[in-house]
Amino acid sequence: MSLPPLSVPYVPGQTARPPEGLFEALHQSVPGRMPPEDLTACPAWTAGWTLFDLGYFWEAHEVWEPVWMALPPNSGARYRVQAAIQLTNAALKLRMGRRDAARRLCALAREVAARAGGSGTPETWGVSFCDRVAKVEARFE
């Protein structure tokens with residue numbers, strides 16, 4: 001599934017918000033209920049990482065929200081998505097010049113990622129989560 005056309009990343013108070021419904025096709029790719037083992041095959045999950053890597057942090061969060069809601073409460077997969085959402089928030093806050101908020105959110109992302117527990121380490125999520133956290137944290141220097 002391809003990403004919708006994007007011009008510039010949305011930064012609240014700085015750039016124009018994307019049009020409503022821009023991510024509808026990705027949202028529709030998420031089933032109402034998703035078994036945890038289906039996370040890495042979910043188009044919205046993988047598209048969110050592509051958006052993150054391209055610097056579209058707010059957009060990644062928007063794509064991941066229905067994924068998070070479709071997963072069972074307290075499941076390792078749901079914690080994975082929650083940690084990813086916290087990391088996108090950290091990167092967005094850093095872009096907005098809110099370094100303390102970004103630090104707090106990175107720490108929270110690591111903490112939530114650790115809760116994924118039996119569902120594997122962050123490196124087995126289909127993405128190198130720890131590397132991405134470290135890249136965001138490196139910008140604190």
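What you see is a predicted model, and the numbers here were worked out from it, not measured in a lab.

Here is what the cut-offs are and how they apply
Residues numbered from 1 in each chain as written. Predicted model: local features only at pLDDT ≥ 70, side-chain atom pairs only at ≥ 80, totals over all residues. Heavy atoms only, no water. Helix = DSSP H or I, 4+ residues; strand = E, 2+ residues; numbered from the N terminus. Contact = heavy atoms within 4.5 Å. Expected span 1.5 Å × (residues − 1). Buried < 20%, exposed > 50% of the residue type's maximum accessible area, 1.4 Å probe, protein only. Polar contact = N/O pair within 3.5 Å; in protein donor to acceptor, adjacent residues only side chain to side chain. Salt bridge = Lys/Arg side-chain N within 4 Å of Asp/Glu carboxyl O.

Caption draft 1: Representation of the environment of leucine 87 in the model. For leucine 87, the location among the structural elements is in helix H4 (residues 76-95). Filtering out sequence-adjacent residues up to four positions away, leucine 87 remains in contact with Trp49, Phe52, Cys106, Ala109, Phe129, Arg132, Val133 and Val136.

Caption draft 2: Examining H4 more closely. Between the first and last C-alpha of H4 there are 29 Å, a value that for 20 residues agrees with the 28 Å anticipated at 1.5 Å per step. Counting buried residues in H4 gives 16 out of 20 residues, a clear majority hidden from the surface. Positive backbone phi, approximately 85 degrees, marks glycine 97, located one or two places after H4.

Caption draft 3: Just the side chain of serine 75, in detail. Note that serine 75 resides in the loop between helix H3 (57-70) and H4. Overall, the relative accessible area of 11% leaves serine 75 in the buried class. Only 2.8 Å separates the side chain of serine 75 from the backbone oxygen of proline 72, close enough to count as a polar contact.

Caption draft 4: Structural context of the pattern of salt bridges. One pass over the full model with this rule turns up four salt bridges. Across the pair aspartate 53 and arginine 132 runs a salt bridge whose closest N-O atoms are separated by 2.5 Å. Highlighted residues: aspartate 53 in helix H2 (residues 43-53) and arginine 132 in helix H6 (residues 129-138), separated in sequence by 79 residues. Judged by its relative accessible area of 47%, aspartate 53 is partly exposed.

Limitation: the analysis is restricted to geometry and does not speak to function.
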